[in-house]
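Listed below are the residues making up each chain.
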Amino acid sequence: MLDNGMRVIVAPVRKLPIVTLLAVIDATAVSDPQGKEGLAELTAQVMREGTAELNGAELTLEFEKLGTSLEAGADWDSTVASMTVLRGKLDKAFSLFSQVLTTPAFRNEDVERLRAERLAERLQIIDEPRGLADESFSRFLYEEGSRYAEPMSGSSRSVSAITREDVTSFYESNYSPSATTLIMVGDLTIDEGEALARDAFGSWQRSSIAKVVKADSAARTSRASQIVTKSDAAQSELRVGHVGVPRVHEDYFPIVVMNAVLGGLFSSRINLNLREAHGYTYGASSYYDWRRQSGPFVISTAVQSEVTGEAISEILKEIDRMRSEEIGQDELTLATSYLEGVFPIRYETTAAIAAALANMVTFKLPENYYDTYRTNIASVTTGDVLRAAGEYVNPDRLQVVVVGDANLLTSPMEALQIGPLTVRDGTDA
Amino acid sequence: MRIPVEKFRLDNGLLVMLSQDKTAPIVAVNLWYHVGSANERIGRTGFAHLFEHMLFQGSENVEANEHFELVQRAGGTLNGSTWLERTNYFETVPSNQLALALWLEADRMGALLPAMTQKKLDTQRDVVKNERRWSVDNQPYGTCWEKLQELTYPESHPFHHSLIGSMEDLSEASLEDVAQFFRTYYTPDNAVLSVAGDFEIDEARMLVEKYFGPIPKGQGIPPLKKMDLPPTFGGPLRNVVQDDVSLARVYMAFRSPTFGSNEYYAASVTGAILGMRRGSRLYRSLVRDRQTAADATAFTFDLAKGADILVIDVTARPEISADQIEQEVTREVDLLQQDGVSEAEVERAVALIQTDILTAMQTASERADRLSMFATLLGDADLVNEQADLYAAVTAERVNAFVRKRLGPENRATLIYVPRDRSEADDESSAREAASA
């Protein structure tokens, strides 16, 4: 740790002459003020548009001449800025990287341009059935006004409301050495990494306090369903699930294994049923969206419109089966040996290792988290999986959202009796 | 940075590449068959890809979907993919599972057909039709690849039709087609096998000989139709498509030298100068300065036979019409053609490409895939180690020679996506936003 409170993690990986630099900052989308959702993301984006010394075009060019570019963005639980650079270009790139974090200019013209770009991106997201389904599902799942109900990068309305003052004030209150961990992975020593960090960031003095707001209130505790109309849709984009559990949770490992059996792998139940047995879809999966607060538990697929009702019934059957019968040893070991085995495959690159370390920082996972990961997976039993399904998959609270053709969907969905059905269409505006 | 490459060929014609790297206890197995959508016959578009799905439906010795299960149970990842010129299958597994991955690939190369049934074909046909709906029909601009290929390759050319195929042709595919395609193309002499990562050379060699050695050689591959094309389209080409999108988009494609040729590297660098990252010409000019575009990229398709295409892809800002964005792109291309590029632009592009080449080589799967690619398409796996130098040798002079020859009006194919005329456009777009926002 530097004297100013910034943490530094150096992981030497001597395979190829490259280094990944990553700063993870406790500046989160959950801290976006109400009505200005998307501020954390916009702040991260505008940050890389110029420093006191260089404007955005010049800065971009400086990075790219070094063969690299700076990526920056905010999610629910952190802001991450990162780049991968050849070892020979590290010193120069590191110096630019630190200037971006410590002396961003936030010029008004850049705020305005990027805000307009985000608004264009909004139109593209809702043109796209998958993006529309994901966002509609969150909006349906969480109580109005809770942060998780709004898109992570904001809506058209909220992004339009963001001003330069909002951006600078978000930076002032959320970015600081004590809120930042610098991670360096690749062809360098611990001493080299520490020296670089001290030289570039040692004199950075600021303080910030992250605001913690409850973001995960559920909209309701009983079943409900919604059709979001997309006329002439070639498929139904289907989302089934409910508010899940926070990332740091005593049953994290049983839940991960249970989900792998239910829908986390190609060979898991939901995919084998919907794709391989019925041919309803190109793919079906389930996941827990892990966040500091309770993110969604989602079963996600896109099915031929005509079989939407059947596909939902099959999903409900798989949920019931998961909760009512203990899985076989064979099915358990498929999930656990997969999760154990792919562990080194997931961390082949400096960027993947840096992201895994950032994950540890974001969720304050114990120092030995990755060392004990495989043992923790291996110790999950069939009984644990049944208990996890019983406690963390709740059929009485299931929420269903379908983006598709309302003419084809309304009667099959009513017939399923999956709670009150609402339809959002053009007249909702 | 050079990776080791050891090559040998089995008597049945299978070409094998081994590349050892013991830094992580994993190994990648990668098999390229030299067959893709270009090999499909008329009336069977999409078949090469449908066939790829069938390769996961079991064999004489493996149950349907057991291939997936065995590899995942071993702690590995796997998949397959189809492209115009090739189909590949790949696994990355813990080092001690090398034999399993090699056996599974050899098993389906040798003994696929006994497991094929009408029911499996029908189910996978439905899966692929849903893949088409998902990735093409229900996606904004989803038809762009099939429309670009239709526009830039003449109707008689094997690259004219799309890889996903038409619904009608998918419906027609029969079990007899499966058998015939398998016997013709899925033979050891039409494949390249690469193994990269942590393994012992002698053991890998022994396993490859044991599992793949007994598979008989094929009967020879029917020649592709004529692939060669003149260096330019010979006049402007144009297609305008109405789609359910909010933002207009322009694709501008140029007929371009084949992947791996000397001139290809100039074409590839031109793509990077125009549209790789935010410092590129199109991004800087249209997104940052003029603010007429929401996004801008450019890239080559990397086809190794006959002719490749270099493609510009620019999405308009909401207030910019299709006509306007087309003019914007045309102006940039005209400027490039008139004034050429500077040495500094080449250096920026090459620096980015070289970092990408090096970072890609971190993973065993990427090393194996590139070995297979260079061996299959260019007949020389060692080219994997030459790429950084081949890019470093590109000069502004070479780029400008390419630009002068290939970016003129007679070699531009423009595909334009226009937001569908919605009679109550404003109401609908605000309603759509309300549904999600």
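That block above? That's the structure.
Residues numbered from 1 in each chain as written. Chains lettered and ligands numbered in written order. Predicted model: local features only at pLDDT ≥ 70, side-chain atom pairs only at ≥ 80, totals over all residues.

Undergrad: Go over the overall build of chain B with me, naming the residues and quoting the values.
TA: For chain B, the count of helices and strands is 16 helices and 11 strands. Compactness check: chain B gives a C-alpha radius of gyration of 23 Å against a globular reference of 22 Å for 437 residues, within 12% of the reference. Along the first, second and third principal axes, the C-alpha atoms of chain B reach 60 × 50 × 45 Å. Considering chain B as a whole, with its 437 residues, one finds that 53% of them fall into the buried category. (Helix = DSSP H or I, 4+ residues; strand = E, 2+ residues; numbered from the N terminus. Rg over C-alpha atoms; globule rule 2.2 N^0.38 Å. Buried ≥ 20, exposed ≤ 12 C-beta atoms within 10 Å, placed from the backbone.)

Undergrad: Report on the packing of helix H1 (residues 39–47) of chain A against helix H7 (residues 164–174) of chain A, specifying residues and quantitative values.
TA: Residue and element names in this part refer to chain A. The N-to-C vectors of H1 and H7 enclose an angle of 90 degrees; their axes lie 9 Å apart at closest approach. Between H1 and H7, the crossing angle belongs to the class labelled roughly perpendicular. Across the interface between the two elements, Leu39, Ala40, Leu42, Thr43 and Val46 from H1 touch Asp166, Val167, Phe170 and Tyr171 from H7. Considering only residue class, the contact of H1 with H7 consists of seven nonpolar, one polar and one charged. (Axes fitted to C-alpha atoms, helices over the stretch in contact; angles between N-to-C directions. Parallel < 35°, antiparallel > 145°, perpendicular 65-115°, else oblique. Contact = placed C-beta atoms within 7 Å. Nonpolar A, V, L, I, M, F, W, Y, C, P; charged D, E, K, R; others polar.)

Undergrad: I'd love a proper account of the interface of chain B and chain A, names of residues and values included.
TA: Opposite the 61 residues of chain B that make contact, chain A presents 65 residues. Looking at the side of chain B that touches chain A, the elements with two or more residues in it are helix H2 (66–73), strand E5 (87–94), helix H4 (118–137), helix H10 (281–289), helix H12 (343–360) and helix H16 (425–436) of chain B. Top contributing element to the side of chain B that touches chain A by residue count: H16(B), with nine residues. Looking at the side of chain B that touches chain A residue by residue, the class counts come to 23 nonpolar, 21 polar and 17 charged.

Undergrad: So what's going on with unusual backbone geometry? Which residues, and what values?
TA: All names here are of chain A. With a phi close to 50 degrees, phenylalanine 106 is a non-glycine residue in the positive phi region. The topology assignment puts phenylalanine 106 in the loop between helix H3 (90–102) and helix H4 (108–127). Residue phenylalanine 106 is classed as partly exposed on the basis of its 17 C-beta neighbours within 10 Å. Positioned with a positive phi, glutamine 417 is a non-glycine residue whose angle comes to about 55 degrees. Relative to the helices and strands, glutamine 417 resides in the loop between helix H17 (406–416) and strand E11 (421–424).

Undergrad: Break down the nonpolar core for me, with residues and values.
TA: Counting residues in hydrophobic clusters, the biggest one holds 263 residues, and the most contacted among them are Ile183(A), Val257(A) and Val269(B). Among residues more than four places away in sequence, those in contact with Ile183(A) are Ile9(A), Leu22(A), Val24(A), Ala354(A), Leu357(A) and Ala358(A). (Core = buried A, V, L, I, M, F, W, Y, C linked by C-beta atoms within 7 Å.)

Undergrad: Can you tell me about the pairing of strand E9 (residues 296–304) of chain A, naming the residues and giving the values?
TA: Residue and element names in this part refer to chain A. By the criterion of burial, E9 is predominantly enclosed, with nine of the nine residues buried. Where strand E7 (residues 235–243) and E9 come together, nine bridges link them in antiparallel fashion. Note that in E9 the partner of valine 243 across the bridge is proline 296. (Pairing = 2+ DSSP bridges.)

Undergrad: Report on the sheet that holds E11(A), specifying residues and quantitative values.
TA: Residues and elements named next belong to chain A. Spatially, E8-E9-E7-E10-E6-E11 is the arrangement adopted by the six strands of the open sheet, whose pairing is mixed. Each edge of the open sheet is held by one strand with a lone partner, namely strand E8 (281–288) and E11. Put simply, the sheet's adjacent strands are angled 15 degrees from each other on average, direction ignored. Across the sheet, helix H10 (residues 269–277) touches E8 and E9, and the angle it forms with E8 is around 160 degrees. Relative to strand E6 (residues 224–229), H17 is tilted by about 170 degrees, and along the sheet it contacts E6, E7, strand E10 (399–404) and E11.

In short, geometric facts, not functional conclusions.
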